[in-house]
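# Overview (structure and organization)
So the chains spell out like this:
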Amino acid sequence: GTDHNSCGHCDEHLNSNEMFCLERAMYARSNTDQGAFVSHAVWKAAFLFHIPDAITSSDVAPLMCAGATVFNAMYLYNVRPTDRVGIVGVGGLGHIAIQFAAKMGCEVIVFSGSKSKREEVKCLGAREFYATRGANKLEIRKPIKHLLAQHPLFLPVLAPNATIYPITLTEGDFTIPYLPLLSKGLTIQGSFCASRGVHVRMLTFTALHHIKPITQEFPLTVEGIDEAMAKLEKGEVRYRAVLVAGK
């Protein structure tokens, strides 16, 4: 997972929120002697996870980061069956979020810039699809209670007391107009990587409901890494590139 260690004694750790520990050790910011492009690594056993037999190693790779990120937002912050959940984008996070929300019993509404993804998202579990490229205004069947991602375009379609989860990482400031935030009583909910307990639930949920990320496999070699990175830079990866040792 993303979190590799925590202090073991602060309030956040003791309350099973070790991902908010001020002394946490995070991927890419600590243990930098243990690289990402490797076939083996040494990690603290308490922060490793048993992978259910129903999930392949290739499929579990995107779940350990993207899957845990979107599952944590929905599981931890009161997304409930029958809630209308809006998901913006059908990329590495979005295509997994659609499956999670659908299997949780939610009405899933997907917004994408590409009309070509309509049938694909329906197969993943979406109930409604709206193409947004060039749109200045959205009209949908019924307001949304939870929105994964944020853009002023979507504020008019949010229900009163709706929650926005800006789960994608981006540089710069997070901004939102005051009037809709106040007049609708909207909540902006920050969400980080999952705690170990939520992470285990995510893996169990995935195995139980046969959720499967859409991946492209590349050999874990210099050539394979170069090919994967080149496709990523061109936007040609659908939807997660996975490096496989021995492929």
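Residues numbered from 1 in each chain as written. Predicted model: local features only at pLDDT ≥ 70, side-chain atom pairs only at ≥ 80, totals over all residues. Heavy atoms only, no water.

Pairing between side chains becomes possible if they bear opposite charge and their charged atoms approach one another. This model, assessed by the stated rule, comprises eight salt bridges. Two residues, E18 and R196, come together in a salt bridge whose shortest N-O distance is 3.1 Å. In this pair, E18 is assigned in the loop between α1 (11-14) and β2 (25-26) and R196 in helix α6 (residues 196-209), connecting sequence segments 178 residues apart. Given the relative accessible area of 22%, R196 is considered partly exposed. Beyond isolated ion pairs, a larger network of salt bridges with shared partners links R84, E107, E128 and R141. (Salt bridge = Lys/Arg side-chain N within 4 Å of Asp/Glu carboxyl O. Helix = DSSP H or I, 4+ residues; strand = E, 2+ residues; numbered from the N terminus. Buried < 20%, exposed > 50% of the residue type's maximum accessible area, 1.4 Å probe, protein only.)

The next thing to look at is helix α3 (residues 94-103). Within α3, eight of the ten residues are buried, which leaves it mostly tucked inside the rest of the structure. Along α3, the positions that sit buried rather than exposed are G94, H95, I96, A97, I98, Q99, F100 and A101. Tucked inside the fold, the buried residues of α3 contact α2 (57-76), β3 (84-88), β4 (107-112), α4 (118-124), β6 (144-148) and α6. After α3 finishes, the residue G105 shows a positive phi value of roughly 90 degrees. (Contact = heavy atoms within 4.5 Å.)

Looking now at the nonpolar core. V70, M74, I98, F100 and V110 are the most contacted members of the largest nonpolar core, which totals 41 residues. For this core, the elements supplying multiple residues, two or more each, are α2, β3, α3, β4, α4 and α6. At nine residues, α2 tops the list of elements feeding residues into this core. Excluding residues that lie within four positions of it along the chain, V70 makes contacts with L93, I96, A97, F100, L148 and I167. Ranked by size, the runner-up nonpolar core spans 17 residues in total, among them L138, I140, L153 and F154. (Core = buried A, V, L, I, M, F, W, Y, C linked by side-chain atoms within 4.5 Å.)

Looking now at the packing of aromatic side chains. The geometry of an aromatic ring pair comes down to the distance between the two centres and the angle between the two planes. Across all of its chains, the model carries seven aromatic pairs by this definition. Ring centres of F71 and F100 lie 5.2 Å apart, and the angle between their planes is 70 degrees; on these two criteria the pair is classed as edge-to-face. Separated by 29 residues along the polypeptide, F71 in helix α2 and F100 in helix α3 bring together distant segments of the chain. For F71, a relative accessible area of 2% puts it in the buried group. When its relative accessible area of 0% is taken as the criterion, F100 is described as buried. Ring centres of F111 and Y130 lie 5.7 Å apart, and the angle between their planes is 25 degrees; on these two criteria the pair is classed as stacked. Here F111, found in strand β4, pairs with Y130, found in strand β5 (residues 128-131); they are 19 residues apart in sequence, far enough to count as distant. (Phe/Tyr/Trp six-rings, centres within 6.5 Å; stacked < 30°, edge-to-face > 60°.)

Our focus in this paragraph is empty space enclosed by the protein. Tallied over the full model, the rule gives one cavity of 30 Å³ or more. Approximately 50 Å³ is the volume found for the largest cavity. Around the largest cavity, the lining residues are G1, T2, D3, E18, F47, F49, C193, A194, S195, R196 and H199. Of the residues belonging to the lining of the largest cavity, the class tally is four nonpolar, four polar and three charged. (1 Å grid on protein atoms, 1.4 Å probe; cavity = no way out; pocket = protein on both sides within 12 Å on 5 of 7 lines; lining within 4 Å. Points joined across faces, edges and corners; volume = space filled by probe spheres on them. Nonpolar A, V, L, I, M, F, W, Y, C, P; charged D, E, K, R; others polar.)

Before going further, it helps to spend a moment on a nonpolar patch on the surface. A contiguous nonpolar surface patch, about 310 Å² in accessible area, is contributed by F37, M229 and L232. When you line up the elements, F37 lands in the loop between β2 and α2. (Patch = residues over 30% accessible without salt bridge, like charges linked within 9 Å, V, L, I, M, F, W, Y side chains within 5 Å. Areas by Shrake-Rupley, 256 points an atom, 1.4 Å probe, with all protein chains shown as cover.)

Moving on, we come to the sheet that holds β4. Pairing is parallel across the open sheet formed by six strands, whose spatial order is β5-β4-β3-β6-β7-β8. Two strands close off the open sheet at either side, each with one partner strand: β5 and β8 (187-188). Here four bridges tie β6 to strand β7 (residues 158-165), and the two strands are oriented parallel to one another. Paired with H146 across the bridge in β7 is T163. (Pairing = 2+ DSSP bridges.)

Within this model, the second largest pocket holds a volume of roughly 240 Å³. What lines the second largest pocket is simply V88, A149, Q150, H151, F154, P166, T168, T170, G172, D173, F174 and T175. When its residues are assigned to classes, the lining of the second largest pocket shows five nonpolar, six polar and one charged.

Let us now look at unusual backbone geometry. A cis amide bond links R238 to the next residue, Y239, at an omega of -15 degrees. By the secondary structure assignment, Y239 is in the loop between α7 (222-233) and β10 (240-244). Positive phi, normally seen in glycine, also occurs at S16, with a value near 65 degrees. Take S16: it is sitting in the loop between α1 and β2. Assessed through its relative accessible area of 46%, S16 is described here as partly exposed.

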